[in-house]
Amino acid sequence: MNPHRFNPPSPSSVSSLFLRFSILLLLSLPDAKGKAIWTAHLNITFQVGNRIISELGENGVFGNHSPLESVSGAVVLPEGWNQNACNPFTNFSRPEKADSWVALIERGGCTFTHKINVAAEKGANGVIIFNYPGTGNKVFPMSHQGTENIVAVMIGNLKGMELLHLIQKGVYVNIIIKVGRMHMPWLSQCVMFLFTFVSATVAYICLYCAWTSDISVAYTRRRRQVKADVKKAIGQLQLRVLREGHKEVDPHEDTCVVCFDAYKPQDVVRILTCKHFFHKTCIDPWLLAHRTCPMCKCDILKR
Ligand SMILES: *[C@@H]1O[C@H](CO)[C@@H](O)[C@H](O)[C@H]1NC(C)=O
Ligand SMILES: *[C@@H]1O[C@H](CO)[C@@H](O)[C@H](O)[C@H]1NC(C)=O
Ligand SMILES: [Zn+2]
Ligand SMILES: [Zn+2]
């Protein structure tokens, strides 16, 4: 039995693969500047009856081309039957008392750049775009080239609808948008990838070690068993003490092939199942090691 016959690829080849992967990963890292995502903290304040309600949440992300600045003001809707501000003549129903305002616009109908420019031309200090219906609270960093001077933030559809309904009911809503934290999706992806790869490698090496030690334990156990069987089989083989006059003692007869000595009277010989015989002191250690007859190779365990 050869325990090393069906070896899987060894751990060293796996680690060299890992090294190659890491180098590949480092080479393919994208430019950090363009890919970072900045979250937006929104402090939304409005008055219901006599109560002033203030709600703070990190529920927006800045657009890719937005300046990373704070902006605040009244939240204002586009006039008309839809909220998408695609019509270049869209008016905004701005409250009298607000000197600074932020447009709340629905995603869709035209490009982000178009909407943002429509609001900017009407004097908005910032633009909040809420996502499509059915997208829950999902947001992503918008691309809106050509609107570099105005803060543009995306919020989820649910949050957007909530604000929309409040304002449509005539509630005055004030918002403060602040720069939140930076996320690097590619970085977390890399980290995730590396983590997965490292844990897979470790798991593989552990499995490999467990597998080989299992094999070697089984192998040692089997060898011990065979040794015990051989000892037992040797014990059952016939012994004979040579006497003067036996034909084996004739100096012209064969010698013991283990020690090359001729057989003499009083020598103790062991007779194998194949009828070959040798000095007991010569053949016993041989059989323990080889378990076959030195002359004909017959196996003493198979009779
Ligand atoms: C949110 O805005 C309100 C009104 O401007 C302010 O009183 C409150 O302190 C702000 N909350 C936070 C946590 O900044
Ligand atoms: C915006 O207001 C102006 C002036 O009141 C009006 O002429 C224009 O039609 C309005 N735009 C829209 C899209 O209703
Ligand atoms: Zn001998
Ligand atoms: Zn033999």
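Note: the structure precedes this text.
Asks: Could you clarify how one ought to interpret the sheet that holds strand E9 (residues 268–271) in this entry?
Replies: For sheets, the rule is that strands pair by backbone hydrogen bonds, running either parallel or antiparallel. Reading across the sheet, the three strands line up as E8-E9-E10 and stay open at both edges, with antiparallel pairing between neighbours. Two strands lie at the open edges of the sheet, namely strand E8 (238–241) and strand E10 (277–279), each paired on one side alone. Going across the sheet, the axis of each strand differs from the next one's by a mean of 30°, ignoring polarity. In the packing of helix H6 (residues 280–290) onto the sheet, contacts are made with E8, E9 and E10, and the angle to E10 comes to roughly 105°.

Asks: I would appreciate a short explanation of the coordination of the zinc ion (ligand 3) in the present structure.
Replies: Each donor-metal-donor angle would ideally measure 109.5 degrees in four-coordinate tetrahedral geometry, or 90 or 180 degrees in six-coordinate octahedral geometry. Taken together, Cys256 (SG), Cys259 (SG), His279 (ND1) and Cys282 (SG) make up the protein donors of the zinc ion (ligand 3), found 2.0 to 2.3 Å from the metal. Coordination at the zinc ion (ligand 3) is tetrahedral: its four donor atoms span angles of 100 to 120° at the metal. We note that the donor set of the zinc ion (ligand 3) lies within a single chain, spaced as C-x2-C-x19-H-x2-C. Accessibility expressed as a relative area gives 0% for Cys256, which makes it buried. Classification of Cys259 by relative accessible area gives partly exposed; the value is 28%.

Asks: Explanation requested: the packing of aromatic side chains in the structure shown.
Replies: Aromatic ring pairs are described here by two measures, namely the spacing of the ring centres and the angle between the planes. Summed over the entire model, instances satisfying the criterion amount to four aromatic pairs. For the pair Phe92 and Trp101, a centre-to-centre distance of 5.2 Å together with 45° between the ring planes defines the contact as tilted. A relative accessible area of 11% places Phe92 in the buried class. Since its relative accessible area comes to 1%, Trp101 is described here as buried. One cation-aromatic arrangement involves Lys97 over Tyr172; the distance from NZ or CZ to the ring centre is 4.1 Å.

Asks: Explanation requested: the coordination of the zinc ion (ligand 4) in the structure shown.
Replies: Each protein donor to the zinc ion (ligand 4) is listed here as Cys274 (SG), His276 (ND1), Cys293 (SG) and Cys296 (SG); together their distances run 1.9 to 2.4 Å. Ordering the donors of the zinc ion (ligand 4) by residue number gives the pattern C-x1-H-x16-C-x2-C. Residue Cys274 is found in the loop between E9 and E10, and its partner Cys293 is found in the segment after H6; the two are separated by 19 residues along the sequence. Cys293 gets classed as buried once you look at its relative accessible area, which sits at 0%.

Asks: Looking at this model, I keep getting lost on the pattern of salt bridges. Mind explaining?
Replies: Between side chains of opposite charge, pairing is possible as soon as their charged atoms come close. For the coordinates displayed, the defined rule picks out seven salt bridges. Lys159 serves as the salt-bridge partner of Glu55, at 2.3 Å between the closest nitrogen and oxygen. Placement of the pair is Glu55 in strand E2 (residues 51–62) and Lys159 in helix H4 (residues 157–168), with a sequence separation of 104 residues. For Glu55, a relative accessible area of 24% puts it in the partly exposed group. The exposure class assigned to Lys159 is buried, which follows from its relative accessible area of 12%. Residue Lys159 pairs with Glu162 through a salt bridge whose shortest N-O separation is 3.1 Å. Residue Lys159 and its partner Glu162 are both found in helix H4; the two are separated by three residues, about one turn of the helix. Residues joined in a network through salt bridges with shared partners are Glu55, Lys159 and Glu162.

Asks: Help me out: how do you make sense of H6 in this one?
Replies: Think of an α-helix as 3.6 residues a turn; residues three or four steps apart then line up on the same face. If you check which residues of H6 are buried, you get Cys282, Ile283, Asp284 and Leu287. Where H6 is buried, its residues meet helix H5 (185–236), E9 and E10. Positive phi appears at Arg291, one or two residues downstream of H6, with a value of about 55°.

Asks: So what exactly am I meant to see when it comes to the site of ligand 1 here?
Replies: Surveying the vicinity of ligand 1 reveals the residues Asn43, Thr45, Ser54, Leu56 and Ile176. Within the side chain of Thr45, one N or O atom sits 3.5 Å away from an oxygen atom of ligand 1. Relative to its unbound accessible surface of 360 Å², ligand 1 loses 41% to contact with the protein. For the shell around ligand 1, the secondary-structure elements that each account for two or more residues are strand E1 (37–48) and E2.

Asks: Quick question: what am I supposed to make of the state of the cysteines here?
Replies: By definition, a disulfide links the sulfur atoms of two cysteine residues through a covalent bond. Taken as a whole, this structure holds one disulfide when the rule is applied. Sulfur-sulfur distance for the disulfide between Cys86 and Cys110 comes to 2.1 Å. Between Cys86 and Cys110, the disulfide has an S-S torsion of -90° and is therefore left-handed. Residue Cys86 is found in the loop between strand E3 (71–76) and strand E4 (101–106), and its partner Cys110 is found in the loop between E4 and helix H3 (112–121); the two are separated by 24 residues along the sequence. A relative accessible area of 24% means that Cys110 is categorised as partly exposed. Summary of cysteine pairing: Cys209 is not part of a disulfide, and the nearest cysteine sulfur, belonging to Cys206, is at 6.6 Å.

Rules used throughout
Residues numbered from 1 in each chain as written. Chains lettered and ligands numbered in written order. Predicted model: local features only at pLDDT ≥ 70, side-chain atom pairs only at ≥ 80, totals over all residues. Heavy atoms only, no water. Pairing = 2+ DSSP bridges. Helix = DSSP H or I, 4+ residues; strand = E, 2+ residues; numbered from the N terminus. Axes fitted to C-alpha atoms, helices over the stretch in contact; angles between N-to-C directions. Contact = heavy atoms within 4.5 Å. Donors = N, O, S within 2.8 Å, 3.2 Å for Na, K, Ca; no water. Tetrahedral: all angles 85-135°; square planar, octahedral: opposite > 155°, others 65-115°. Buried < 20%, exposed > 50% of the residue type's maximum accessible area, 1.4 Å probe, protein only. Phe/Tyr/Trp six-rings, centres within 6.5 Å; stacked < 30°, edge-to-face > 60°. Lys NZ or Arg CZ within 6 Å of the ring centre and 35° of its normal. Salt bridge = Lys/Arg side-chain N within 4 Å of Asp/Glu carboxyl O. Near = heavy atom within 4 Å. Polar contact = N/O pair within 3.5 Å; in protein donor to acceptor, adjacent residues only side chain to side chain. Areas by Shrake-Rupley, 256 points an atom, 1.4 Å probe, with all protein chains shown as cover. Disulfide = S-S within 2.5 Å.

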